[in-house]
Amino acid sequence: MRAVWSMALHPPPFSMALRSLVLILLCITPRSQAVQAENVTVLEGGTAQISCRLQNYDGSIVVIQNPRRQTLFFNGTRALKDDRFQMVLFTQRLVRITLTNVSVSDEGGYFCQLYTDATHHQVATLSVSVPPETPTVEVKQEAVEGGEVELSCVSPRSKPAATLHWMRNGREIPGVVSQQDNGKTFSVSNTIRIPVERKDNGAALSCEAIHPALSGQKRVRHYRLDVYYAPVVRIIPPPGILREGDSLSLTCSVNGNPLPRNIQWSKINDTLPERAEISGPTFQISRLSQSHNGTYLCQAQNNYGRAADHYTLLVYDPGAVVETHSAVPYAVIGGVLALLVFTVICVLIVTIWCSVRQKGSYRTREPILAWY
């Protein structure tokens with residue numbers, strides 16, 4: 001036991017020589033070759049650069065394969081007939097190929113293999129980003145006055161999934177977001193339901209698509225609300241008094257969505273006069289007579305309702321005296337009358353005061369004259 005322990009503590013000379021020889025062989029043996037690959041991300045339709053870095057390369061075989069393990073290049077020589085792949089660099093330190101017009105089907109791991117006594121390989125992962133196009137707007141439920149409108153903003157294809165926001169007057173409208181996986185891409189929709197009134201017709205909305213590949217920019221679809229409502233009808237009457245021989249012209253003002261195309265003129269409990277002329281919203285009668293007296297009606301309708309307005313025509317004789325309402329406001333008349341009453345009262349007061357003063361002076365002078 002002492003001998004073994006002594007040998008462990010003090011190895012013989014030949015053991016030291018063996019150790020030295022091993023160290024010398026390790027130093028003169030060439031360092032092993034290695035390969036490194038770099039991951040890359042590119043936009044769909046762009047160009048990807050796939051690089052393989054070599055260490056201690058001694059001219060061994062270098063093979064690059066696609067994710068389906070098909071050989072693309074063999075020591076710089078094309079092996080797969082796909083012109084989108086090009087060898088752009090082949091040196092002792094770096095091998096680089098390019099892939100043009102990249103699609104999501106090109107995604108995956110590209111193998112950089114170095115064939116020596118022991119095969120070395122690394123995988124360069126190609127990721128493809130798909131930015132969304134400008135979203136579209138789908139009307140799920142049309143907008144009718146007093147009801148609700150249902151709108152969907154749709155981004156049919158993106159990777160990763162786009163984020164959609166509905167906006168109105170700078171404020172976001174909350175909606176229901178749904179997402180569907182289409183394999184390597186995603187379709188996204190954002191649906192909103194909002195109450196609408198007639199005043200909302202023509203209101204501006206917008207749907208914004210946000211995506212990392214857009215570098216802070218947005219894809220925006222603008223949309224204007226189209227609110228349907230029943231028509232409103234108003235007859236614009238002529239000014240002044242109509243007498244026999246005058247001409248009548250009435251205009252029927254119609255509003256509605258959709259705007260009624262057909263406007264109907266009629267006379268209540270009678271037929272229209274023979275000399276009546278109708279041109280869309282305009283109704284005219286030349287050389288009026290008292291036989292034209294009556295109530296005339298303008299009507300319009302669309303798919304959401306009907307509306308009407310009436311005008312009563314009263315034709316006077318040429319020499320008739322017609323009482324008309326004064327155009328002077330009653331407040332002005334009242335003010336003038338008050339001013340006149342005030343003036344009369346003031347005159348009466350002054351007259352009475354002058355009369356009293358004059359009588360007083362007479363009474364004062366009579367005793368003075370008596371002394372003389």
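Now for a description of the structure that goes with this document. Quantities reported herein were computed from a predicted structural model and do not represent experimental measurements.

Within the chain, the regular secondary structure consists of three helices and 26 strands. Residues counted as buried form 29% of the 372 residues belonging to the chain. Here the contacts in the chain between residues at least 6 apart in sequence split such that 61% fall between residues at least 24 apart. Accessible area of the chain: about 24300 Å², with a carbon and sulfur share of 55%.

This next bit is on the side chain of T191. Inspection of the secondary structure assignment puts T191 in strand β17 (residues 186–195). Residue classification places T191 among the buried positions, given a relative accessible area of 19%. Within the structure, T191 has its side chain in polar contact with the side chain of S152 (distance 2.6 Å). Those residues in contact with T191, other than ones at most four positions away along the chain, are E150, L151, S152, G175 and V176.

A word on a nonpolar patch on the surface. The grouping of I61, F74 and Y115 at the surface amounts to a nonpolar patch, some 260 Å² of accessible area in total. If you trace the backbone, Y115 turns up in strand β9 (residues 108–115). By relative accessible area, Y115 is classed as partly exposed at 35%.

This paragraph deals with the packing of aromatic side chains. Note on aromatic pairs: each is described by the distance of the centres and the angle between the planes. Under the counting rule described, the total for this entry stands at four aromatic pairs. With 6.3 Å between their ring centres and 50 degrees between their planes, F85 and Y110 make a pair best called tilted. Linking F85 in strand β7 (residues 85–90) with Y110 in strand β9, this pair joins segments that are 25 residues apart in sequence. Among the residues examined, F85 registers a relative accessible area of 5% and is labelled buried. Judged by centre distance (5.3 Å) and plane angle (45 degrees), the ring pair of F283 and Y296 falls under tilted. One end of the pair, F283, is in strand β24 (residues 282–285); the other, Y296, is in strand β25 (residues 294–302), with 13 residues separating them in the sequence. Considered together, F283 and Y296 belong to a single accessibility category, that of buried residues.

Per the counting criterion, the structure on display carries three disulfides. Linked covalently through their sulfurs, C52 and C112 form a disulfide whose S-S length is 1.6 Å. Between C52 and C112, the disulfide has an S-S torsion of -45 degrees and is therefore left-handed. One end of the pair, C52, is in strand β3 (residues 48–55); the other, C112, is in strand β9, with 60 residues separating them in the sequence. C252 shares a disulfide with C298; S-S distance 1.9 Å. Here the S-S torsion is close to -90 degrees, and the disulfide linking C252 with C298 is therefore left-handed.

Right, let's talk about unusual backbone geometry for a bit. In this model, K159 is joined to P160 through a cis peptide bond whose omega is -5 degrees. Of note, P160 is situated in the loop between β13 (148–158) and β14 (163–168). Between N257 and the following residue, P258, the backbone shows a cis peptide bond with an omega angle of 0 degrees. A positive phi angle, near 65 degrees, is found at R69, a position not held by glycine. Note on placement: R69 falls in the loop between β4 (61–65) and β5 (71–74). Although it is not a glycine, N169 adopts a positive phi angle of roughly 55 degrees. Residue placement: N169 occurs in the loop between β14 and β15 (171–173). On the basis of relative accessible area, N169 is assigned to the exposed category, the value being 72%.

Now for the sheet that holds β25. Taken in spatial order, the three strands make up an open sheet running β22-β25-β26, and their pairing is antiparallel. Where the open sheet ends on each side, the last strands, each with one partner, are β22 (263–267) and β26 (305–313). Put simply, the sheet's adjacent strands are angled 20 degrees from each other on average, direction ignored.

Sheet strands pair via backbone hydrogen bonds, and the direction of the pair is either parallel or antiparallel. Here we have four strands laid out as an open sheet, ordered β15-β14-β18-β19, and antiparallel in their pairing. Sheet topology places β15 and β19 (218–224) at the edges, where each strand pairs with a single neighbour. Geometrically, the sheet is characterised by an average inter-axis angle of 35 degrees between neighbouring strands, direction not taken into account. As paired strands, β14 and strand β18 (residues 204–210) are joined by five bridges and run antiparallel to one another. Bridging across to β18, M167 finds its partner in S206.

What counts, and where the lines are drawn
Residues numbered from 1 in each chain as written. Predicted model: local features only at pLDDT ≥ 70, side-chain atom pairs only at ≥ 80, totals over all residues. Heavy atoms only, no water. Helix = DSSP H or I, 4+ residues; strand = E, 2+ residues; numbered from the N terminus. Buried < 20%, exposed > 50% of the residue type's maximum accessible area, 1.4 Å probe, protein only. Contact = heavy atoms within 4.5 Å. Areas by Shrake-Rupley, 256 points an atom, 1.4 Å probe, with all protein chains shown as cover. Polar contact = N/O pair within 3.5 Å; in protein donor to acceptor, adjacent residues only side chain to side chain. Patch = residues over 30% accessible without salt bridge, like charges linked within 9 Å, V, L, I, M, F, W, Y side chains within 5 Å. Salt bridge = Lys/Arg side-chain N within 4 Å of Asp/Glu carboxyl O. Phe/Tyr/Trp six-rings, centres within 6.5 Å; stacked < 30°, edge-to-face > 60°. Disulfide = S-S within 2.5 Å. Pairing = 2+ DSSP bridges. Axes fitted to C-alpha atoms, helices over the stretch in contact; angles between N-to-C directions.

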